[in-house]
Amino acid sequence: MRRAPTRSSRPRAACAFSVNQCNVANALNAFFNNGGALPANFLPIFNLTGANLGNALTLLSGEAATGAQQGAFQLTNQFLGIMLDPFVDGRSGAGGGGAIGFAPAREELPDDIALAYAKILKEPPKPVAFEQRWSVWGAGYGGSNRTSGDVAVVGSHDLSATTAGGAAGLDYRLAPGTVVGFALAGAGTNWGLAQGLGGGKSDAFQAGVYGTTRSGPAYLAAALAFTNHWMSTDRFAFAGDHLTASFNAQSFGGRVESGYRFATVYGGLTPYAAIQAQNFRTPSYSEADLTSGGFALGFNSRNATDTRSELGGRFDHLLLLNPEAALTRRRRASPRQRRRAARQIRRRVRLPRLHLRRHRHRAVHVVR
């Protein structure tokens, strides 16, 4: 703490804390110096110094809300991928319904593999007749991600996010090598910050359309997705103030992918290139103060974007386990180049205009 000479004073000094902590301190000082009267619950902050002051500023920052976009991007990415995956149940080869994407129509099988299929399916699988235009598929998806923060400089903390969902879709064959379709999914996300700084969750509804066409071993595929999120956050601010928020957010995403499958003695090799873009929108909303501590934040509406390109390869290999069983192994490798908007949500601090004259010349001390 130090005494500020007047309300209008604005010292130009280097901040001793992280960027996020300094932003909070500067917002409090600017509010006070511009004539605002801080509520009583803020007054103990002005008596803190060093690490205790830094921790208080971190708790006030509301960083937990920024995890919403990480889970949203991760969920839309998985939904786009599942719509273009030719190997989900009901799409590829053996059980009926021709494969989409880079999986070509099945060629004549070698005698030993044909024998294995004959014992399992009573007869070798036959190429799908074009009259079989419709097929239904279903798949589950999910995953986890950990994003490292920069506590010392930026003031951000490690974020863990998990997603899970189930999708079902309908493929329609426009032509022997062309498939279009749509998919619906129900899913959810969950995220949390390190050091118990709060987190959130969401329930989500997803809808998408897709299409793929191939010419021999070459293919071109594209998908568009929309997601509506019912989100909530939960955190504890300074002095144990319990804060929650609920809001709806939307995600939009698209992916275009093209590749070429090479048949080798070891299996199929399909190098591919893809580009993907997403947009995540949150509305203006405010936190609910469950314990009347006075530290609830209001958040501005914002858009966050995520674009990435991929150069990778898919691998598939049909392995005869024994005369009565065959196994297809599949893998994908894809180094990615990504450009993502900063994990930041603009906050606005809503402070009631109370009259606390005896504290009118005090300021949060954050200078070296």
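Calculation criteria
- Residues numbered from 1 in each chain as written.
- Predicted model: local features only at pLDDT ≥ 70, side-chain atom pairs only at ≥ 80, totals over all residues.
- Heavy atoms only, no water.
- Pairing = 2+ DSSP bridges.
- Helix = DSSP H or I, 4+ residues; strand = E, 2+ residues; numbered from the N terminus.
- Salt bridge = Lys/Arg side-chain N within 4 Å of Asp/Glu carboxyl O.
- Buried < 20%, exposed > 50% of the residue type's maximum accessible area, 1.4 Å probe, protein only.
- Contact = heavy atoms within 4.5 Å.
- Polar contact = N/O pair within 3.5 Å; in protein donor to acceptor, adjacent residues only side chain to side chain.

Draft legend 1. Summary view of the pairing of strand β5 (residues 199-215). Pairing between strand β4 (residues 178-193) and β5: 15 bridges, direction antiparallel. Within β5, the position partnered with L184 by the bridge is A207. The antiparallel hairpin formed by β4 and β5 contains five residues in its connecting segment, where Q195 sits at a positive phi of about 65°. By the bridge criterion, 17 bridges tie β5 to strand β6 (residues 218-236) in an arrangement that is antiparallel. Residue pairing for β6: G199 is matched across the bridge by D234. Linking β5 to β6, which pair antiparallel, is a turn of two residues; within it G216 sits at a positive phi near 65°.

Draft legend 2. Structural detail: the pattern of salt bridges. A full pass over the atoms with the stated rule returns seven salt bridges. For R146, the salt bridge goes to D158, with nearest N and O atoms at 3.2 Å. Of the two residues, R146 sits in strand β2 (residues 134-147) while D158 sits in the loop between β2 and β3 (159-175), which places them 12 residues apart along the sequence. Residues E310 and R308 are paired through a salt bridge, measuring 2.8 Å at the closest nitrogen-oxygen approach. Neither residue differs from the other here; E310 and R308 are each classed as buried. Several salt bridges converge on common partners, so that one network encompasses R255, E257, R308, E310 and R314.

Draft legend 3. Up close: the side chain of T66. Note on placement: T66 falls in the loop between α2 (50-60) and α3 (67-83). Its relative accessible area of 3% is what places T66 among the buried residues.

Draft legend 4. Fine view of the environment of T147. Considering the arrangement of structural elements, one finds T147 in strand β2. Given the relative accessible area of 22%, T147 is considered partly exposed. What T147 contacts, discounting residues up to four positions off in sequence, is Q70, H157, D158 and L159. Within polar-contact distance, the side chain of T147 engages the side chain of Q70 at 3.4 Å.

Function-wise, these values are silent; they only describe arrangement.
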